[in-house]
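# Descriptive structure summary
Letter by letter, the chains look like this.
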Protein chains: 2
Amino acid sequence: MGAPPGYRPSAWVHLLHQLPRADFQLRPVPSGFAPQEQEYQQALLLVVALAGLGLGLSLIFIAVYLIRFCCCRPPEPPGAKSPPPGGGCVTWSCIAALLVGCAGIGIGFYGNSETSDGVSQLSSALLLVDHTLTAIDHLVLEMVERLEEAVRTELTTLEEVLAPRTELVAATRGTRWQAEAVAQQLQGLAFWRGVPLSPLQVAEDVSFVEEYRWLAYVLLLLLELLVCLFTLLGLAKQSKWLVIVMTVMSLLVLVLSWGSMGLEAATAVGLSDFCSGPDTYILNLTREETGLGSDILNYYFLCNQAVSNPFQQRLTLSQRALANIHSQLQGLEREAVPQFPSAQKPLLSLEETLNVTEGNFHQLVALLHCRGLHKDYGAALRGLCEDALEGLLFLLLFSLLSAGALATALCSLPRAWALFPPSDDYDDTDDDDPFNPQESKRFVQWQSSI
Amino acid sequence: MGAPPGYRPSAWVHLLHQLPRADFQLRPVPSGFAPQEQEYQQALLLVVALAGLGLGLSLIFIAVYLIRFCCCRPPEPPGAKSPPPGGGCVTWSCIAALLVGCAGIGIGFYGNSETSDGVSQLSSALLLVDHTLTAIDHLVLEMVERLEEAVRTELTTLEEVLAPRTELVAATRGTRWQAEAVAQQLQGLAFWRGVPLSPLQVAEDVSFVEEYRWLAYVLLLLLELLVCLFTLLGLAKQSKWLVIVMTVMSLLVLVLSWGSMGLEAATAVGLSDFCSGPDTYILNLTREETGLGSDILNYYFLCNQAVSNPFQQRLTLSQRALANIHSQLQGLEREAVPQFPSAQKPLLSLEETLNVTEGNFHQLVALLHCRGLHKDYGAALRGLCEDALEGLLFLLLFSLLSAGALATALCSLPRAWALFPPSDDYDDTDDDDPFNPQESKRFVQWQSSI
């Protein structure tokens with residue numbers, strides 16, 4: 001009842017988590033998330049290596065295709081005007097491939113923004129966690145200081161005023177002890193004080209890395225977009241030098257695409273393992289990093305009926321002591337004020353302090369309850385395991401599409417280029433204009449070849 | 001300190017909120033959100049009317065352009081082979097316009113998904129609010145039932161057992177009164193009981209409307225995508241009937257684009273007014289709908305140091321009563337158990353009930369604290385005023401781009417169509433194939449005209 005609806009692994013997480021994993025000796029590796037284990041690292045590296053294998057195979061395929069095309073061309077009669085049949089098909093397939101690449105770029109932009117959204121959700125949840133933990137610390141400090149101040153000033157004044165009647169002094173002493181006991185109990189509630197792990201720092205680190213990841217993808221996407229557009233322009237204008245430069249750039253982007261695909265696939269696989277059951281891993285990691293007890297961590301990370309509040313006893317004791325202080329102050333007011341009117345001022349001040357402390361105590365109870373922190377934990381997991389993973393899969397789709405499109409383009413470009421009518425010079429200063437008559441004529445010749 | 005970082009109006013909200021508004025008589029209207037006032041409704045309708053004006057102007061422009069093109073064509077010598085100059089420019093501008101339209105469609109898909117994200121964030125926040133309010137109700141009910149059960153059974157047994165000693169019976173009666181007082185105080189904390197407004201219902205309504213809005217946009221986007229692609233196909237294949245059908249479809253989509261632009265602009269303007277200062281409006285609306293006191297609503301909607309917890313007094317009184325019950329039970333245990341061993345069992349059972357009630361009390365304090373509900377309120381506002389508004393602006397950009405692109409295409413298409421070489425029949429069964437020699441020849445003729 002207390003816990004809000006939390007994080008549940010999505011279908012993508014289940015699907016990716018069920019894929020088989022193997023180490024370098026191809027022995028199966030269990031798919032539990034264990035980044036510190038060598039076997040698991042090898043399994044992820046193997047995923048990257050698969051992308052490298054894909055790159056190698058596609059490069060070999062392109063090379064074989066182009067060598068076959070160059071060396072096994074049927075001899076043409078010199079001066080033949082009609083280009084070999086199938087040339088149009090080559091150009092069209094190149095254009096279609098580049099358009100598929102452009103669609104992939106659109107998907108890539110979407111995936112990049114989705115991943116960025118997910119990661120920013122993670123860091124804002126971490127910021128909220130930090131805010132809550134800091135608020136607990138500050139609140140406890142404020143309450144303790146307020147109580148100690150009351151003990152130092154009002155209660156001391158009261159003891160001095162009531163000195164003639166020893167039983168009233170004893171009651172005041174009792175109140176002092178209760179107040180000191182409350183202060184001591186409260187200090188035990190600031191459980192994050194002195195913990196070396198700062199969620200703020202983690203959030204800043206995550207944002208820092210994410211910023212560069214985002215920028216790198218945007219640059220890659222823009223590079224590929226420029227390559228696609230300039231290749232299309234080169235084909236339309238039959239500019240040999242542009243097509244040659246773009247072929248080289250396509251090769252570069254192909255390598256980058258396969259590289260990013262390897263990284264994305266490995267990250268997606270690792271993330272799916274993490275996301276299929278994040279509680280245990282995060283619990284252990286946080287225990288190691290913070291040195292906090294299992295009861296506290298279980299309470300916040302699980303936050304269900306089965307886990308009892310580890311601060312329950314301290315809270316109950318503080319609450320009872322505060323109630324006792326209240327009844328003692330009321331007793332003192334009844335007994336002492338008629339006889340010692342000067343006791344009224346410190347008593348009223350003490351009651352005011354008690355009211356404020358009780359208000360703060362309720363706020364502290366609310367802050368310490370697992371509900372708020374567990375909600376942030378759920379939001380962080382949803383950001384990472386839903387939005388960021390989904391974005392990563394879109395980026396994977398982009399890499400796949402662009403690798404396929406670029407490989408097709410690399411196979412077609414030299415063939416399309418061979419179909420361009422020979423020109424005397426490579427000086428493209430003037431004949432870049434598609435609307436000048438000469439260029440129009442060349443364009444017609446090229447189109448007639450299609 | 002207690003309140004988590006909340007919602008702040010974004011730059012877009014400020015910008016849109018500062019635009020001047022006017023009613024039908026063009027008198028300025030204040031830009032505070034007041035959907036029930038006629039003047040404000042007129043201001044929003046005027047925004048829709050502006051889009052209608054835009055549609056009218058663009059239709060007039062297209063008509064004038066096409067009439068001028070049809071009637072003021074320079075006379076051509078019969079049998080002239082070269083098409084009029086500028087024909088290539090017309091076709092290229094049409095293709096460029098359609099490509100801009102396609103880019104706009106990509107932006108539209110992004111905006112639609114962003115709006116959907118924002119609205120789903122709103123409804124999930126509402127679901128969380130409903131969860132919290134229901135949890136408070138259930139918890140109060142459970143605690144009250146537990147206390148009443150204890151009063152009925154254990155305390156009655158205890159009174160019967162301790163009947164021989166009247167001062168112990170009196171102490172037991174005191175405990176009974178305290179327990180009854182706690183139950184009464186607790187019942188006052190279930191503030192949402194009997195309130196006619198259900199956040200769950202609101203969330204379901206919002207999701208229902210959003211589902212259809214999303215679907216309508218997806219259909220519009222797909223329709224426009226199909227129109228763009230088929231128009232490009234018609235241009236490439238010089239299929240007259242396809243271009244004619246697509247011209248008519250473009251006209252339809254142009255009207256739809258202007259219509260959606262009007263709705264988006266009015267919604268964006270209204271949303272910016274709402275988002276620039278949502279607290280007052282939502283406070284008033286919730287007060288009217290729920291009949292709850294201003295103190296409770298202010299506490300949850302503002303949740304800062306200036307607003308005190310309206311449940312503070314009840315909570316403090318319950319807490320003190322619980323502490324009193326505890327000390328009374330301990331007193332009874334000390335006094336009664338040595339003399340009446342049969343009192344031990346009900347006393348232990350009562351202490352157990354007290355412990356559970358104190359645990360539940362801490363949970364209730366946490367649930368009642370404004371922090372959790374205010375966080376959900378902030379998340380709902382961020383969803384609506386950041387993500388949904390941003391998505392809406394992207395949709396507006398899509399509508400603008402597509403209206404511009406379609407208007408350009410509508411101006412160019414009839415001119416491009418007039419440039420198609422005349423064919424004897426409109427039978428497109430075979431000459432649709434771009435690779436058959438006849439089609440190739442026609443394509444070359446058309447390309448030579450560019």
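Remember, it's a predicted structure, so these values are computed and weren't measured experimentally.

## Re the packing of aromatic side chains
Two aromatic rings, taken as a pair, are described by how far apart their centres are and by the angle between their planes. Residue and element names in this part refer to chain A. What the rule picks out here adds up to 27 aromatic pairs over all chains. Taking 5.3 Å as the distance between ring centres and 35 degrees as the angle between the ring planes, the aromatic pair formed by Phe-191 and Phe-311 counts as tilted. With Phe-191 in the loop between helix H4 (166–187) and helix H5 (199–237) and Phe-311 in the loop between helix H8 (294–302) and helix H9 (312–336), this residue pair connects regions lying 120 residues apart in the sequence. Ring pairing ties together the aromatic residues Phe-191, Trp-192, Tyr-299, Tyr-300 and Phe-311, which thus form one cluster.

## Details of the packing of helix H6 (residues 240–276) of chain B against helix H7 (residues 278–290) of chain B
Residue and element names in this part refer to chain B. Here H6 crosses H7 at 90 degrees, and the two axes come no closer than 5 Å. Classified by the angle between their axes, H6 and H7 sit roughly perpendicular to one another. In contact with Phe-274, Cys-275 and Ser-276 of H6, H7 contributes Pro-278, Tyr-281 and Ile-282. Its residues assigned to classes, the contact of H6 with H7 comprises five nonpolar, one polar and no charged.

## Describing the nonpolar core
In terms of nonpolar packing, the biggest core is built from 196 residues, with Leu162(A), Leu186(A), Phe191(A), Leu162(B), Leu186(B) and Phe191(B) touching the most fellow members. Those residues in contact with Leu186(A) that lie beyond four places of it in its chain are Val140(A), Met143(A), Val144(A), Leu147(A), Ser318(A), Phe361(A) and Leu364(A). With 17 residues, the next largest nonpolar core counts Leu98(A), Leu235(A), Phe398(A) and Phe420(A) among its residues.

## Structural notes on the UniProt feature "transmembrane region" (unreviewed entry) in chain A
Residue and element names in this part refer to chain A. Residues annotated by UniProt as "transmembrane region" (unreviewed entry) correspond here to residues 43–67, 88–110, 214–235, 242–261 and 392–413. Counting secondary structure, residues 43–67 comes out at 100% helix and 0% strand; the distance between its end C-alpha atoms is 36 Å. The distance from the first to the last C-alpha atom of residues 242–261 is 27 Å, and the span holds 100% helix and 0% strand.

## Focus: the state of the cysteines
Going through the model one piece at a time under the given rule, you end up with four disulfides over all chains. Disulfide partner of Cys275(A): Cys385(A), at an S-S distance of 1.9 Å. The S-S bond linking Cys275(A) to Cys385(A) shows a torsion near -80 degrees; that makes this disulfide left-handed. One end of the pair, Cys275(A), is in helix H6 (residues 240–276); the other, Cys385(A), is in helix H11 (residues 370–419), and 110 residues separate them in sequence. For the pair formed by Cys275(A) and Cys385(A), the shared burial category is buried. Across chain A, the way the bonded cysteines pair up, counted in sequence order, is 1-4, 2-3. Take Cys411(A): it sits in no disulfide, and the sulfur closest to it among the cysteines is that of Cys94(A), at 10.0 Å. Residue Cys411(A) is classed as buried on the basis of its relative accessible area of 7%. There is no disulfide at Cys228(B), and the cysteine sulfur nearest it, in Cys102(B), is 4.3 Å away.

Cut-offs used in this document
- Residues numbered from 1 in each chain as written.
- Chains lettered and ligands numbered in written order.
- Predicted model: local features only at pLDDT ≥ 70, side-chain atom pairs only at ≥ 80, totals over all residues.
- Heavy atoms only, no water.
- Phe/Tyr/Trp six-rings, centres within 6.5 Å; stacked < 30°, edge-to-face > 60°.
- Helix = DSSP H or I, 4+ residues; strand = E, 2+ residues; numbered from the N terminus.
- Axes fitted to C-alpha atoms, helices over the stretch in contact; angles between N-to-C directions.
- Parallel < 35°, antiparallel > 145°, perpendicular 65-115°, else oblique.
- Contact = heavy atoms within 4.5 Å.
- Nonpolar A, V, L, I, M, F, W, Y, C, P; charged D, E, K, R; others polar.
- Core = buried A, V, L, I, M, F, W, Y, C linked by side-chain atoms within 4.5 Å.
- Buried < 20%, exposed > 50% of the residue type's maximum accessible area, 1.4 Å probe, protein only.
- UniProt positions renumbered as here; feature names shortened; annotations may be inferred.
- Disulfide = S-S within 2.5 Å.

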